[in-house]
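# Structural overview
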Amino acid sequence: IENSASGMGQAFAGAAAVAEDPSTIYFNPAGMMYLEGTQVTLGMHVIDSNADFKDKGSTDLTAFGVSQGGDGGNAGDTFFVPNFYYVRDFGDKYKIGLGVNAPFGLGTEYDKNWQGRYASTNSEVKSINFNPSIAFKANEKLSIGLGMNIQYMEATLESKVYLGPTTPDAHTKVNGDNWEFGFNGGFIYELTDATRIGVHYRSEISQKLEGDVKFSPQVSPFLVNRDVQANLTTPSTFSISMTHQLNDRLTILGDITHTKWSNFDELKVVGDNGATVSMVEEKWSDSYRVAMGMKYQYNKQWILRTGVAHDETPIDDDYRTSRIPGDDRTWLSFGASFSPSDSLTIDVGYSHLWVDDAKIEEAVDIVKSIPGDEGTLKGEFEADVDILSVQATWKF
């Protein structure tokens, strides 16, 4: 959701209705009708995640001659996520725009010899989304917007393979990428001069990632470099937002978003020979995110923002894996907008996310060629996230 610094400051409350700058292209393209003239927004988000595993009785793997290993260190990392948005008039009745952002991403990376290395050492997903959009006013109260999404996705999955008590582990790396298409659209309706609601839908995108799996070293007939593919469907989202201006200074904001994560049932990588290279049951569930916030017009140049949110995890305790050890998140956000002139606005937003402790009991295939060799990675992840967002908007 890190696609607007102004939205970050209020925990993205009211995101589909607030329409303050061109980042509305992502949250609801109908909001372009509330922007004057030509506007450009450039943003950057610095996401610092921390995730520490605490062992709670993982299976002792020494029966296979495998050293137990450590807890993996901090599996989080620091990520930089840029955004770009452009909006302009198109004739007398329309607005057109382009958004470029990264709606899916992040990952985990553990110490190479940690005790869960046969399940995961490194996982990374990156995406780039191009979102051309158009908006128009159906009448004095109703604005409608539509957009196309041209999305590139790239995924990397790495782990270790056990080769024997006297042989160093092999390293396996799966890479895949793909381009695919989707759409988004929504409307904003003004109930009164002080109150409006926004409704926005973003479609799922069925990605067919194609790439390869590589093993190093290739000392076993079961470890063969080959082309692979994996199907991954990104979730659709449906949001209802509200803004209400209490007086000439204070506006309250609300939002509820449903994310259809139940499309993510398994992570299956298949080789070009039809054989399954790896398969992990995910069985994610649909989830909700609820946010409330406010913004305060301190004076002509300054707007102050704050917000809170509860972000529900789609991951069931029975299917949580070390690749994605997430749980429910609670947001607390602060931000400010500064306009040194009528043509420039600088936004800064900060959020701290408290992540519930995530329990894990993951079956780990130790020796790929021996059935029934599974160990168990059992424990708990303690995690939190800090996000700092900055953007500049120019009006022409």
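What you are looking at is a predicted structure, and each value in this text was computed from that prediction instead of being measured. (Residues numbered from 1 in each chain as written. Predicted model: local features only at pLDDT ≥ 70, side-chain atom pairs only at ≥ 80, totals over all residues. Heavy atoms only, no water.)

Moving on to a negative patch on the surface. Taken together, Asp-52, Asp-55, Asp-71, Asp-356, Asp-357 and Glu-382 make up a surface patch of like negative charges. Among the elements of the structure, strand 1 (39-55) and strand 18 (344-365) are those that each provide at least two residues to the negative patch. By the secondary structure assignment, Asp-71 is in the loop between strand 1 and strand 2 (78-90). For Asp-71, a relative accessible area of 31% puts it in the partly exposed group. (Patch = residues over 30% accessible without salt bridge, like charges linked within 9 Å, V, L, I, M, F, W, Y side chains within 5 Å. Areas by Shrake-Rupley, 256 points an atom, 1.4 Å probe, with all protein chains shown as cover. Salt bridge = Lys/Arg side-chain N within 4 Å of Asp/Glu carboxyl O. Lys, Arg positive; Asp, Glu negative; His and termini not counted. Charge placed at Lys NZ, Arg CZ, Asp CG, Glu CD. Helix = DSSP H or I, 4+ residues; strand = E, 2+ residues; numbered from the N terminus. Buried < 20%, exposed > 50% of the residue type's maximum accessible area, 1.4 Å probe, protein only.)

Another point: the packing of aromatic side chains. Evaluation of the coordinates by the stated rule reveals 16 aromatic pairs. On the numbers, 6.2 Å between centres and 25 degrees between planes, the contact of Phe-130 with Trp-179 is stacked. Taken together, the positions of Phe-130 in strand 5 (residues 122-137) and Trp-179 in strand 7 (residues 170-190) put the pair 49 residues apart, joining distant regions of the chain. Given the relative accessible area of 29%, Phe-130 is considered partly exposed. For the ring pair Trp-302 and Phe-338, a centre distance of 4.7 Å and an interplane angle of 35 degrees mean the geometry is tilted. With a gap of 36 residues between them, Trp-302 in strand 16 (residues 302-311) and Phe-338 in strand 17 (residues 329-341) connect regions that are remote in the sequence. Its relative accessible area of 33% is what places Trp-302 among the partly exposed residues. (Phe/Tyr/Trp six-rings, centres within 6.5 Å; stacked < 30°, edge-to-face > 60°.)

Another point: empty space enclosed by the protein. One pass over the full model with this rule turns up three cavities of 30 Å³ or more. The space that makes up the largest cavity amounts to roughly 90 Å³. Lining the largest cavity are Ser-4, Ser-6, Gly-7, Gln-10, Ala-15, Val-18, Ala-19, Glu-20, Asp-21, Ser-23, Thr-24 and Phe-27. Elements supplying a minimum of two residues to the lining of the largest cavity: helix 1 (5-8) and helix 2 (24-27). (1 Å grid on protein atoms, 1.4 Å probe; cavity = no way out; pocket = protein on both sides within 12 Å on 5 of 7 lines; lining within 4 Å. Points joined across faces, edges and corners; volume = space filled by probe spheres on them.)

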